[in-house]
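Per-entry structural report
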Amino acid sequence: MITFHNPLHSGHAPVHEFFRGERVPCFETPTRLDYVQEALQLRGHGLTAPDADCRPVLAEVHTPRYLAFLESAWQQWLALDAANGDVQPFPSVWPVRTLRSDVEPLNFVARLGLYSMDNGTPLAAGTWAAAKSGADAATSAARRVAQGTRASFCCTRPPGHHAGPDFMGGYCFLNNAAVAAQTLRNHGAQRVAVLDVDYHHGNGTQSIFYGRADVLFVSIHGDPRTEYPFYLGHADETGAGDGVGCNVNLPLPAGTSAATWFDALEHACARITGYGADALVISLGLDAYEGDPISRFALASSDFTRLGERLARMSLPTVFVLEGGYAAAELGTNAVNVLDGFEQV
Ligand code: OKP
Ligand code: ZN
């Protein structure tokens, strides 16, 4: 399968994140992608550099002020104090209900809170360049499929599905799956389905397309009553305005077995077929894996092959976009199992 990599991903290498109030080493590391690239090469997939600029599409899925903030955020942080180069900025205050989010504060940390949904998405010196180049890879992968290639894989990090129109969150900055879906729309697809199989609900993707009928969002994920991102991903979120009926959430309890997960996948596939999608984007998180350190589903490595086979039977032009998966040493095997399962059908 043609795979687009992100040559700048390793510049996004924050050191720690918060967990239960303590600083712990980041789960979302450059090493993750080393494992995926190694497995791709070992199994004959090769790696292609991005050949498209995401800028025009980015402006269709994110707001101008969020993009302007993110692009210069690290320089803004350094401008406060040159010694900040060795310090990770974290937000500490957010405009929750009754507070105003229309006025940009002059205080940097307050701006960071305005554009963040959590304190779990650390910025580093190379974050913008890495996120931008990842979105270039997503644009490139979608263009290839729009030109007639059966399927492509966007092998990138940081992930994207928690990033909304104007905020970062959950290790995500730019929504690569939304960029891929919008690119497919811009190149002739009338109805695009995004299927998110990451353990965590893709709240950003849902929010970007919630009011639109031209993109169906379907997600299988840990029940938000107990799992991140907590505040979105319930079954009664079915779309708004023109998009009513175009959002499908299939939350499953933590601990759900592979058998039950595949039942949910059948339901998801039926909804995509019923919608009449003419192209498919897969938000390919591999954290439904039984060995994932921060997730609680029970898929085995062989189940990812089965997932790929089932997706191939949808018979749709398909763009795979890497999302989460934190059992780093098994991530390459699990991701490439999906791609090989897909290509075997
Ligand atoms: C991103 B993706 C762990 C706290 C949890 C949020 C998880 C984000 C998952 N220290 N942080 O959907 O895989
Ligand atoms: Zn996840």
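Below: a short report on this structure.

Things to note about the site of ligand 1
Around ligand 1 sit 14 residues, and of these E17, H161, H162, D287 and Y326 come closest. Between ligand 1 and E17 there is a distance of 2.5 Å, counted from a nitrogen atom to a side-chain nitrogen or oxygen. A distance of 3.2 Å separates an oxygen atom of ligand 1 from a polar side-chain atom of H200. Grouping the amino acids of the shell around ligand 1 by side-chain chemistry returns six nonpolar, five polar and three charged.

Considerations on the coordination of the zinc ion (ligand 2)
For the zinc ion (ligand 2), the full set of protein donor atoms is D198 (OD), D198 (OD), H200 (ND1) and D287 (OD), at a range of 1.9 to 2.8 Å. For the zinc ion (ligand 2), the six donor atoms in the first shell make angles of 52 to 159° at the metal, so the coordination geometry reads as irregular. When the donors of the zinc ion (ligand 2) are listed by position in the chain, the intervening gaps give D-x1-H-x86-D. Separated by 89 residues along the polypeptide, D198 in the loop between β5 (192-196) and α7 (203-209) and D287 in the loop between β8 (279-284) and α9 (301-312) bring together distant segments of the chain.

Observations concerning the pattern of salt bridges
Overall, the coordinates contain 13 salt bridges when judged by the stated rule. Put simply, R32 and E28 hold a salt bridge, and the shortest N to O gap is 2.7 Å. As far as burial versus exposure is concerned, R32 and E28 are alike and both buried. Close ionic contact of D136 with K132 constitutes a salt bridge, the shortest N to O distance being 3.0 Å. One end of the pair, D136, and the other, K132, are both in helix α5 (residues 127-146), four residues apart, so they sit about a helical turn from each other. Each member of the pair, D136 as well as K132, carries the same accessibility label: buried. Bridged by salt links that share partners, the residues E28, R32 and R157 form one connected network.

Rules and cut-offs
Residues numbered from 1 in each chain as written. Chains lettered and ligands numbered in written order. Predicted model: local features only at pLDDT ≥ 70, side-chain atom pairs only at ≥ 80, totals over all residues. Heavy atoms only, no water. Near = heavy atom within 4 Å. Polar contact = N/O pair within 3.5 Å; in protein donor to acceptor, adjacent residues only side chain to side chain. Nonpolar A, V, L, I, M, F, W, Y, C, P; charged D, E, K, R; others polar. Donors = N, O, S within 2.8 Å, 3.2 Å for Na, K, Ca; no water. Tetrahedral: all angles 85-135°; square planar, octahedral: opposite > 155°, others 65-115°. Helix = DSSP H or I, 4+ residues; strand = E, 2+ residues; numbered from the N terminus. Salt bridge = Lys/Arg side-chain N within 4 Å of Asp/Glu carboxyl O. Buried < 20%, exposed > 50% of the residue type's maximum accessible area, 1.4 Å probe, protein only.

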